[in-house]
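Geometric and topological summary
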Amino acid sequence: MTVYEDGTEVPEGGAVVGGPAVGALAFGWLGPGDLGPPRHCPDSLLRVLEDAARSPVGRTRGFHRCPFCPDAEFWLTRHQTTDGSELWLGSAAIEVRDRSGRTWQAPNLVLHYVTAHGYLPPAPLVETYGTAR
Ligand SMILES: [Zn+2]
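Scope of this entry: the structure provided in the associated data block.

About the criteria used
Residues numbered from 1 in each chain as written. Predicted model: local features only at pLDDT ≥ 70, side-chain atom pairs only at ≥ 80, totals over all residues. Heavy atoms only, no water. Donors = N, O, S within 2.8 Å, 3.2 Å for Na, K, Ca; no water. Tetrahedral: all angles 85-135°; square planar, octahedral: opposite > 155°, others 65-115°. Helix = DSSP H or I, 4+ residues; strand = E, 2+ residues; numbered from the N terminus. Buried < 20%, exposed > 50% of the residue type's maximum accessible area, 1.4 Å probe, protein only. Salt bridge = Lys/Arg side-chain N within 4 Å of Asp/Glu carboxyl O. Contact = heavy atoms within 4.5 Å.

1. Some points on the coordination of the zinc ion
As a benchmark, a tetrahedral metal site with four donors has ideal angles of 109.5 degrees, while an octahedral site with six donors has ideal angles of 90 or 180 degrees. In this structure, Cys 66 (SG), Cys 69 (SG), His 112 (NE2) and His 117 (NE2) serve as the protein donors to the zinc ion, at separations of 2.0 to 2.2 Å. Each of the four donor atoms bound to the zinc ion contributes to angles spanning 103 to 121 degrees, and the resulting shape is tetrahedral. Counting along the primary sequence, the residues that act as donors to the zinc ion give the motif C-x2-C-x42-H-x4-H. Residue Cys 69 is located in the loop between β3 (58-60) and β4 (77-80), and its partner His 112 is located in helix α2 (residues 110-117); the two are separated by 43 residues in the primary sequence. Given the relative accessible area of 10%, His 112 is considered buried.

Next up, the structure:
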């Protein structure tokens, strides 16, 4: 899967068909060595990401499985949402805006990285959505 460092600009014509917003910043485009110690993502931010995943901005080229689950099946990854529904991850990208108006783009697998592997999105998103709204 394509790897972008968190906070770098997603190139046009990159990993997503139909996206990204021009100037979007990357998050969650993780490679096998990119996970630090597990951290807690605020539930309010997780819900924002889930909402974004219900309306993806583009499809990824092919589908991708989690690089951190050694026995992941070669298929989409199931995510149980905070409201009990399910999303299938690994073939689309999502975008969210921070409070300064910057657009951030991630693979929808970012939901799995957050809930299964303790990935914490970049500080501007935590600061925008991480407190009660
Ligand atoms: Zn995983």
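Once you've had a look at it, read on.
2. Some details on the pattern of salt bridges
Going through the model one piece at a time under the given rule, you end up with three salt bridges. Asp 51 is paired through a salt bridge with Arg 54; the nearest N and O atoms lie 2.9 Å apart. Taken together, the residues Asp 51 and Arg 54, both in helix α1 (residues 43-54) and three residues apart, mark about one turn of the helix. For Asp 51, a relative accessible area of 49% gives the class partly exposed. Close ionic contact of Glu 86 with Arg 78 constitutes a salt bridge, the shortest N to O distance being 2.6 Å.

3. A closer look at α2
With six of eight residues buried, α2 lies mostly within the body of the structure. Among the residues making up α2, those that are buried are Val 110, Leu 111, His 112, Tyr 113, Val 114 and His 117. Here the buried face of α2 lies against α1, β4, β5 (86-89), β6 (92-97) and β7 (103-107). Positive phi shows up at Gly 118, right after α2, with a value of about 70 degrees.

4. Thoughts on the environment of Cys 41
Along the chain, Cys 41 falls in the loop between β2 (25-26) and α1. Between the alpha carbons of Cys 41 and Asp 51 there is a distance of 15 Å; along the sequence they are ten residues apart. Excluding its chain neighbours within four sequence positions, the residues that come into contact with Cys 41 are Leu 46, Val 114, Tyr 119, Leu 120 and Pro 121.

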